[in-house]
Amino acid sequence: MQKLFIQTNLNNKVVAYITASLFLVIAMLLGISIGTVSVPVLDIIKIIGAKIFRISINETIDPMYTNIVLNIRLPRVVLAGLVGASLAIAGAAFQGLLRNPLADPYTLGVSSGASVGAVLTLFFGISIPFAGLFTLPLMSILFSFITIFIVLMFARKVERTMKVETIILTGIIFSSFLGSLISLMISLTGEELRQIIGWLLGSVSMRGWAYINIILPFFILGSLLLLVNSRELNAMSFGEEKAQYMGVNVQKRKMMVLIAGSILTGAAVAVSGTIGFVGLVIPHLARLLWGPDHKHLLPLSILVGAGFLILADLAARTVISPTELPIGVITALIGAPVFGVILMKRRTERRG
Amino acid sequence: MLSVQHLTGGYVGDSVVKDVSFEVDKGLLFGILGPNGSGKTTLLKMLSGLLPFTNGEVLLNKKSIKEYSSKELAKMMAVLPQHSVQSFSYTVQETVALGRYAHQKGWFQNWSEADEQIVQRVMEQTGVIQFKNHDIQELSGGERQRVFLAQALAQEPKILLLDEPTNHLDLSYQKDLLDLLKGWTTDRSLTVVSIFHDLNLASLYCDRLLLLENGKVNINDVPNEVLQEERIRSVYQTKIQKQPHPKVPAPQMVMLPESLSMDKQPIIIDQSFFIRSADDHIALRSPIPLRTMSSGVVGSGTGWHQVFVNRHVSKDYNCSNHRKEMIDYLKAHGFEPGETVGMMTAVMLEDVSHQLINAEDFSIFIVVTAGVGNAVDAARSEMHSFQITPGTINTWMFVSGELTEEAFIQSIMTATEAKVKAMEDLKVQDAVTGTIATGTSTDSILIAATQRGAQLEFAGTITPLGRTIGKGVYSCTVEAIKKSRQRIRT
């Protein structure tokens, strides 16, 4: 009986991972295939396979396809995937830590901090020596770091034990303050306005492989940090006091989660601007489908978040083609109703 | 097991707990009491290592809790806080399994067979195994509390700290939970330190109690010493009264509502309160519940009663369950058994004798029905065979005054002595022994007091109350016996 339970539980998880992976692969193939020039799925697989295994294919494939896939669509899809994955896992971690299913990375003011960094860079035309093109992302990450530490210091000043409520409140205060700073800069700026607004709404277009190189190390670092803390996140979602009683070194683990979350959010905001709803909806969806255990919730959020943002980006560039919509518009348009439906469904059917 | 030495501390700039010292031995259920704000929860948080303390030391197995790592401490000590947050739909099994956190090693810990067994065991012991696949958010408060208890027990602690574990629980869950904890302390030598809000529960279950007052130890002793009326009144700043538990040698505290002690218009109970509803009983209905001590068929012992019924039954009344039959009788006649003292007699009720005696600041109303058909000399009663027949001298005393427990008992003694004297003066003989009888084999007595008006501390034979009882019971008994004899002769 017991064995059976563990078995079915395990099977459920295997099914969950297969489903989520399939979703991501299909999203990627669709994202690469669909566009002004349609590339057959089989050709995509051949092109990418050839590139990875460095073998030349006997059949002739249109070199235009190869160019479109490798230089335009693949980097775009990969970047969208990485941004979606980063936001989703950071959201899942923050929700667990803050014990609030509706919290997201933005609650802590991390993304506002990152945005300020980016807008400042654009506004003053700051350029870090030798960084060149990477000045903008680096500044975003730097500012998200600074913001989270100021928020934490402030929260610690307000209350030494740093209760989650205090942190959330502090995050909201900083978000509003930094948001008005951005508005102020936008009002003061002249011709740079379009660029800033475009960036604020979020986009993963025309970024290329360089941006993937920027986000990838941060994504790996942040995700690993969170994955090793998945059991602590489980404990902390019962309250920090409870977690402490269970033997979790709460101060240290909380700090690790917050740092990892800000690395992920900061890097994502840096390469794509502010894209909302991913960090909110994806962990929520994953939790409703497969349960709140962070050991599985975090990896599943990565897979689903990546797939979701790839599809959102696909929609953003095809709906009113050739004009591109900001991706943030799509995520909100899809995210909000899905969120509502999930919330409604949750009332009627519960897992058991 | 746990040793607390001169512990001082609390929140920033304010020491909530001041110089608290105590020891808890292994296998004890140790209760912490105190009014709101006395520092109970703060003390518990310091014991559990959650709050740092400014002074003093907490030793767990002779080692300072500051020297334990988070995980080491969690293996020794589990805590069940007052409020548990649950924001996500974890299943019961997942929740309980989290209790094994401290026992698992490495980053990607393996769930061992032993872990699984412990989780299953504690779920069985706390009775939550049948919900193991349920969402904890679906459970009731009591079930959820048991899930968190299972989680704490999954830590396999040597000592368990609880903050008002029975808060928000139904009566039956309170009992189950505390029975469970008590069982663990005796069977498994688990040490339990628990905050209690309810003094009576603490008294029932704890081996020792620590009473906190303004962050300091008021007393640390066994429940009977800690729960003294004067002490609890001054610490809790409220009116309470101590009384024994009916079944268990544990003191219980009862509250005294202000409104009751306010409205104390004296009431005199006299014949105007007789109600005539049927021929086969005499009934008296008091306008207020009276404090009673009686040996009736219904409502005997001590209590509060408003209606008093003396029922006539035939001489050959015989019933296997006379108590139930009497209750049915009362119900059939519109009396509420819970507020009634009911007696039986074979005597004709017309022969009742009653008398109101007014003393200086109180009055007493005495009602006696008497027949001496089966009179017995108590000193030689072993010569009688045992047989319950309906009582033949039923004595009621209604005192308009406030009596102490002592006065109640003395009233019964005095009334009995007066009755014996009446028997003697009327030369009532015991048919079996041929000596003067002291009463009949099934006499009943009732003393009821309004508990308003004059304070009557004693009722010995020469006290004011004793004198009136003696005089009244004697004359009423004599009169009732005479009436009864008259009837038999004619």
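Remember, predicted model here, so these are calculated numbers, not experimental data. (Residues numbered from 1 in each chain as written. Chains lettered and ligands numbered in written order. Predicted model: local features only at pLDDT ≥ 70, side-chain atom pairs only at ≥ 80, totals over all residues. Heavy atoms only, no water.)

On to the overall build of chain A, then. A count of helical and extended segments in chain A gives 14 helices and zero strands. The secondary structure elements of chain A, listed N-terminal to C-terminal, are α-α-α-α-α-α-α-α-α-α-α-α-α-α. For chain A, the accessible area works out to roughly 15600 Å², and carbon and sulfur atoms hold 70% of it. (Helix = DSSP H or I, 4+ residues; strand = E, 2+ residues; numbered from the N terminus. Areas by Shrake-Rupley, 256 points an atom, 1.4 Å probe, with all protein chains shown as cover.)

Across all of its chains, the model carries one cavity of 30 Å³ or more by this definition. Reported here for the largest cavity is a volume of approximately 30 Å³. Lining the largest cavity, in full, are A:Lys242, A:Met246, B:Val79, B:Phe148, B:Gln151, B:Ala152 and B:Gln155. Looking at the lining of the largest cavity, the elements that each hand over two or more residues are helix H10 (240-246) of chain A together with helix H5 (141-154) of chain B. Taken together, the residues of the lining of the largest cavity sort by class into four nonpolar, two polar and one charged. (1 Å grid on protein atoms, 1.4 Å probe; cavity = no way out; pocket = protein on both sides within 12 Å on 5 of 7 lines; lining within 4 Å. Points joined across faces, edges and corners; volume = space filled by probe spheres on them. Nonpolar A, V, L, I, M, F, W, Y, C, P; charged D, E, K, R; others polar.)

Residue and element names in this part refer to chain A. Overall, the coordinates contain 21 salt bridges over all chains when judged by the stated rule. Measuring nitrogen to oxygen at the nearest pair gives 2.7 Å for the salt bridge that ties Asp313 to Arg76. Of the two residues, Asp313 sits in helix H13 (residues 294-318) while Arg76 sits in helix H3 (residues 63-98), which places them 237 residues apart along the sequence. There is no split in this pair, since Asp313 and Arg76 are both buried. Salt-bridge contacts for Arg76 lead to Glu324; the nearest nitrogen and oxygen are separated by 3.0 Å. Note that Arg76 is positioned in helix H3 and Glu324 in the loop between H13 and helix H14 (327-348), a separation of 248 residues in sequence. The exposure class assigned to Glu324 is partly exposed, which follows from its relative accessible area of 35%. Within the structure, one salt-bridge network assembled from shared partners comprises Arg76, Asp313, Arg317 and Glu324. (Salt bridge = Lys/Arg side-chain N within 4 Å of Asp/Glu carboxyl O. Buried < 20%, exposed > 50% of the residue type's maximum accessible area, 1.4 Å probe, protein only.)

A separate point is the packing of helix H12 (residues 405-425) of chain B against helix H13 (residues 464-489) of chain B. Residues and elements named next belong to chain B. Between H12 and H13, the shortest axis-to-axis distance is 8 Å and the interhelical angle comes to 40°. Remark: the crossing between H12 and H13 carries right-handed chirality. When H12 is examined against H13, the residues Ser411, Thr414, Ala415, Ala418, Lys419, Lys421, Ala422, Met423 and Asp425 are found in contact with a partner set consisting of Leu465, Gly466, Ile469, Gly470, Val473, Tyr474, Thr477, Val478 and Ile481. Here the contact of H12 with H13 is built from residues that sort into 10 nonpolar, five polar and three charged. (Axes fitted to C-alpha atoms, helices over the stretch in contact; angles between N-to-C directions. Left-handed = near helix turned anticlockwise from the far one by under 90°. Contact = heavy atoms within 4.5 Å.)

What follows concerns the packing of H3(A) against H13(A). Residue and element names in this part refer to chain A. Axis separation between H3 and H13 bottoms out at 6 Å; the angle between their running directions is 135°. The orientation of H3 with respect to H13, classified from their angle, is oblique. Like other packed secondary-structure pairs, H3 and H13 cross with a definite hand, here right-handed. (Parallel < 35°, antiparallel > 145°, perpendicular 65-115°, else oblique.)

Here we come to the sheet that holds strand S5 (residues 63-64) of chain B. All names here are of chain B. Here four strands make up an open sheet; going across it, the order is S2-S1-S4-S5 and the pairing antiparallel. The open sheet has two edge strands, strand S2 (14-24) and S5, and neither has a second partner. Two elements, strand S4 (residues 55-60) and S5, share two bridges in a ladder whose sense is antiparallel. In the sheet register, Leu59 faces S5, and the bridge partner there is Ser64. Running over the sheet, helix H1 (residues 40-47) touches strand S1 (2-11), S2 and S4 and is turned about 115° from S1. (Pairing = 2+ DSSP bridges.)

With that settled, the discussion passes to the interface of chain A and chain B. How big an interface is tends to be reported as the loss of accessible area on association of its parts. Chain A puts 36 residues into the contact, and the matching count from chain B is 42 residues. Surface buried jointly by chain A and chain B totals about 3500 Å² across both partners, of which 55% is contributed by carbon and sulfur atoms. Looking at the side of chain A facing chain B, the largest losses of area belong to A:Arg231, A:Phe238 and A:Tyr245, adding up to 24% of the total buried there. Summed over the shared surface of chain A and chain B, the number is one salt bridge. With its nearest N and O atoms 4.0 Å apart, the salt bridge here joins B:Lys45 to A:Glu241. (Buried area = accessible area lost by both parts, 1.4 Å probe.)

Residues and elements named next belong to chain B. Within the secondary structure layout, Ser286 lies in strand S14 (residues 281-294). You can call Ser286 buried: its relative accessible area is 2%. One polar contact links the side chain of Ser286 to the main-chain carbonyl oxygen of Ile288, over a distance of 2.4 Å. Setting aside anything within four residues of it in sequence, one finds Ser286 in contact with Ile269, Gln306 and Phe308. (Polar contact = N/O pair within 3.5 Å; in protein donor to acceptor, adjacent residues only side chain to side chain.)

Here we come to the domain arrangement of chain B. Looking at the assigned domains, one finds that chain B contains domain 1 (2-255) and domain 2 (271-489). Using C-alpha coordinates to define each centre, domain 1 of chain B is positioned 52 Å away from domain 2 of chain B. (Domains from an automatic or database assignment.)

Okay, the nonpolar core next. The biggest cluster of nonpolar side chains holds 144 residues, and the ones touching the most others in it are A:Val83, B:Val92, B:Val96 and B:Leu160. Looking at this core, the element that brings in the most residues is H3(A), giving 19 residues. With residues near it in sequence (within four places) discarded, B:Val96 still touches B:Val119, B:Val122, B:Met123, B:Val147, B:Ala150, B:Gln151 and B:Ala154. By size, the runner-up hydrophobic cluster in this structure holds 35 residues, among which are B:Ile357, B:Ile393, B:Ala459 and B:Leu465. (Core = buried A, V, L, I, M, F, W, Y, C linked by side-chain atoms within 4.5 Å.)

Residues and elements named next belong to chain B. By the element assignment, Thr369 lies in strand S18 (residues 363-370). Judged by its relative accessible area of 1%, Thr369 is buried. Apart from the residues within four sequence positions on either side, Thr369 is in contact with Ile282, Asn310, Thr345, Leu349, Val352, Thr392, Ile393, Asn394 and Ala480.

With that out of the way, let us pick up the sheet that holds strand S8 (residues 191-195) of chain B. Residues and elements named next belong to chain B. Pairing is mixed in the open sheet, where six strands are placed in the order S6-S7-S8-S3-S9-S10. Here the strands that pair on one side only, and so sit at the sheet edges, are strand S6 (77-80) and strand S10 (216-221). In this sheet, adjacent strand axes meet at a mean angle of 15° when their direction is disregarded. As paired strands, strand S9 (residues 208-213) and S10 are joined by five bridges and run antiparallel to one another. Each bridged residue has a counterpart across the sheet, and for Glu213 the counterpart in S10 is Lys216. Each of strand S3 (29-33), S9 and S10 touches helix H9 (residues 229-236); the most contacted strand, S9, lies at about 40° to it.

It is worth spelling out the packing of aromatic side chains at this point. Within a pair of aromatic rings, the relevant descriptors are the distance that separates the centres and the angle that separates the planes. Residues and elements named next belong to chain B. On inspection of all chains with the given rule, the structure shows nine aromatic pairs over all chains. A ring pair is formed by Phe22 and Phe30, whose centres lie 5.1 Å apart and whose planes are at 10°; its orientation type is stacked. For the pair formed by Phe22 and Phe30, the shared burial category is buried. A connected cluster of aromatic rings, assembled from ring pairs, spans Phe274, Phe308, Phe365, Trp396 and Phe398. Note that Lys63 overlies the ring of Tyr68, its terminal NZ or CZ placed 4.5 Å from the centroid. Here the guanidinium or amino end of Arg311 rests over the ring plane of Tyr329, the centre of that ring lying 3.9 Å away. (Phe/Tyr/Trp six-rings, centres within 6.5 Å; stacked < 30°, edge-to-face > 60°. Lys NZ or Arg CZ within 6 Å of the ring centre and 35° of its normal.)

Before going further, it helps to examine unusual backbone geometry. Residues and elements named next belong to chain B. Here Lys62, not a glycine, exhibits a phi torsion of approximately 65°, which is positive. Here Lys62 falls in the exposed class, since its relative accessible area comes to 80%. For Glu156, which is not glycine, the phi dihedral falls at a positive 50°. Relative to the elements of secondary structure, Glu156 occurs in the loop between H5 and strand S7 (159-163).

Another point: the environment of B:Asn218. Residue and element names in this part refer to chain B. Residue placement: Asn218 occurs in strand S10. With relative accessibility at 27%, the residue Asn218 sits in the partly exposed group. Through-space distance from the C-alpha of Asn218 to that of Val20 is 9.7 Å; in sequence the pair is 198 residues apart. Among residues more than four places away in sequence, those in contact with Asn218 are Leu211, Glu213, Arg231 and Val235. Side chain to side chain, Asn218 and Glu213 meet in a polar contact 2.9 Å long. A polar contact of 3.0 Å, which involves the side chain of Asn218, links it to the side chain of Arg231.

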